[in-house]
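The chain contents come next:
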Amino acid sequence: MDDDVTPEKPIAADEALDGGVDGNPDAAPPGARRRGRLSRDEVLTTALALIDADGVEALSMRRLGKALGRDPMRLYRHASSKDALLDGVVELVLSELAVPLPQEVGGWEEALRRTAHTFRAIALAHPHVVPLLVTRPLATPLAMRPLGTLRPLEDLLELLIEAGFDGRGALHAYRLYIGFLHGHVLNELQERVQDPDEIDDVLRLGLYRLPVREFPRLRALAAELAEYDGERELDEGLDIVLTGLREQVRSTAAGS
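This one's a predicted model, so the numbers in the text were calculated from it and none came from an experiment.

A. Summary view of the overall build of the protein chain. A tally of helices and strands in the protein chain yields 13 helices and zero strands. Shown N-terminal to C-terminal, the secondary structure of the protein chain runs as helices and strands in the order α-α-α-α-α-α-α-α-α-α-α-α-α. Out of the 256 residues in the protein chain, the part that is buried amounts to 36%. Within the protein chain, contacts between residues separated by at least 24 positions form 58% of all contacts whose residues are at least 6 apart in sequence. If you sum the accessible surface of the protein chain, you get close to 15,300 Å²; carbon and sulfur atoms cover 53% of it.

Okay, here's the thing in structure tokens:
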């Protein structure tokens, strides 16, 4: 080879399949199967599917790349780290949480109730993601979180302020409300039945494993534990939360 000639850069296989070098489809070698450029939404949707199937611990860039049929290093274009990837998954899941307009559903209390049921449905659909919904915001300062994770906060604050809370009251109401939702779904997901086909409640729930003298209360509540109804308990808890918030709104109005 002549020393004056710079060798051509070889085309990586992933570049050829990903639409060519530098996004130029014409750069792909003849006969190569062309695919559209990988999108962030495709990366996050696939990551969510892996988490849904096997949990957060099973997710890695290598496994995600294999699921997408891409070089794992190319995924860093869409998520700079695994933490950024998990934040993106949380953002994707929370995009399903729409806060209805009060005037469309009969008032702010009904809007909060429907939002709560939507949140519960999301949690039950993606149980492995629930710990991320609760803990990921703690890992990042508020203003540095993905914008999509802040949208429910903004929408709920708007709803509460329109209901009559002042700014500080709306923030406290939001914290009370969202804290209740997080606690409820975490508790509901813990209510696992060991043997659904077993008739005896103690055996069905696996409570026979608990020493009788150390856990008499839990064993005595086997029937109530076996009849746990997550949706009903959500509404019962919401009744208490909304009653308290209603009184706060009245106090704010009376003092203004």
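B. Inspection of helix α9 (residues 167–190) at higher detail. Between its first and last C-alpha atoms α9 spans 35 Å; for 24 residues at 1.5 Å apiece the expected length is 34 Å, and the two agree. Taken together, the buried positions of α9 are Gly169, Ala170, Ala173, Tyr174, Tyr177, Ile178, Leu181, His182, His184, Val185, Glu188 and Leu189. Elements in contact with the buried residues of α9: α6 (108–125), α7 (130–135), α8 (147–163) and α13 (230–255).

C. View of the packing of α6 against α13. The contact between α6 and α13 brings their axes to 10 Å, and the two run at 145°. The interaxial crossing formed by α6 with α13 has right-handed handedness. The segment α6 lies against α13, with Trp108, Glu109, Leu112, Arg113, Ala116, His117 and Arg120 engaging Gly230, Glu231, Leu234, Asp235, Leu238, Asp239, Leu242, Leu245, Arg246 and Val249. Among the residues making up the contact of α6 with α13, the classes are represented as eight nonpolar, two polar and seven charged.

D. The arrangement of the UniProt feature "DNA-binding region" (unreviewed entry) in the protein chain in detail. As recorded in UniProt, the sites labelled "DNA-binding region" (unreviewed entry) are residues 60–79. Regarding residues 60–79, the helix share stands at 40% and the strand share at 0%, and the terminal C-alpha atoms are separated by 12 Å.

E. Summary view of empty space enclosed by the protein. Under the counting rule described, the total for this entry stands at one cavity of 30 Å³ or more. Considering only enclosed or pocket space, the largest cavity measures out at about 60 Å³ in volume. Taken together, Asp87, Val90, Arg136, Pro137, Thr140, Arg145, Pro146 and Thr149 make up the lining of the largest cavity. Residues that form the lining of the largest cavity fall into these classes: three nonpolar, two polar and three charged.

F. A look at helix α2 (residues 40–54). An ideal rise of 1.5 Å per residue puts 21 Å on 15 residues; α2 measures up with 21 Å between its terminal C-alpha atoms. Val43, Leu44, Thr46, Ala47, Leu48, Leu50 and Ile51 are the residues of α2 that are buried. Close packing links the buried residues of α2 with α3 (61–68), α4 (82–94) and α7.

G. The arrangement of the layout of surface pockets in detail. Within this model, the largest pocket holds a volume of roughly 460 Å³. Along the wall of the largest pocket there are 19 residues; nearest its centre are Pro137, Arg145, Tyr174, Ile178 and His182. Elements with a minimum of two residues in the lining of the largest pocket: α4, α7, α8 and α9. Ranked by residues supplied to the lining of the largest pocket, first place goes to α9 with five residues. Tallied by class, the residues present in the lining of the largest pocket amount to 15 nonpolar, two polar and two charged.

H. Focus on the packing of α6 against α9. It is the contact of α6 with α9, at a shortest axis distance of 10 Å, that shows an interaxial angle of 35°. The element α6 and its partner α9 pack so that their crossing is right-handed. Each of Leu112, Thr115, Ala116, Phe119, Arg120, Ala123 and Leu124 in α6 lies in contact with α9, whose residues at this interface are Tyr177, Leu181, His182, His184, Val185, Glu188 and Leu189.

What counts as what
Residues numbered from 1 in each chain as written. Predicted model: local features only at pLDDT ≥ 70, side-chain atom pairs only at ≥ 80, totals over all residues. Heavy atoms only, no water. Helix = DSSP H or I, 4+ residues; strand = E, 2+ residues; numbered from the N terminus. Buried < 20%, exposed > 50% of the residue type's maximum accessible area, 1.4 Å probe, protein only. Contact = heavy atoms within 4.5 Å. Areas by Shrake-Rupley, 256 points an atom, 1.4 Å probe, with all protein chains shown as cover. Expected span 1.5 Å × (residues − 1). Axes fitted to C-alpha atoms, helices over the stretch in contact; angles between N-to-C directions. Left-handed = near helix turned anticlockwise from the far one by under 90°. Nonpolar A, V, L, I, M, F, W, Y, C, P; charged D, E, K, R; others polar. UniProt positions renumbered as here; feature names shortened; annotations may be inferred. 1 Å grid on protein atoms, 1.4 Å probe; cavity = no way out; pocket = protein on both sides within 12 Å on 5 of 7 lines; lining within 4 Å. Points joined across faces, edges and corners; volume = space filled by probe spheres on them.

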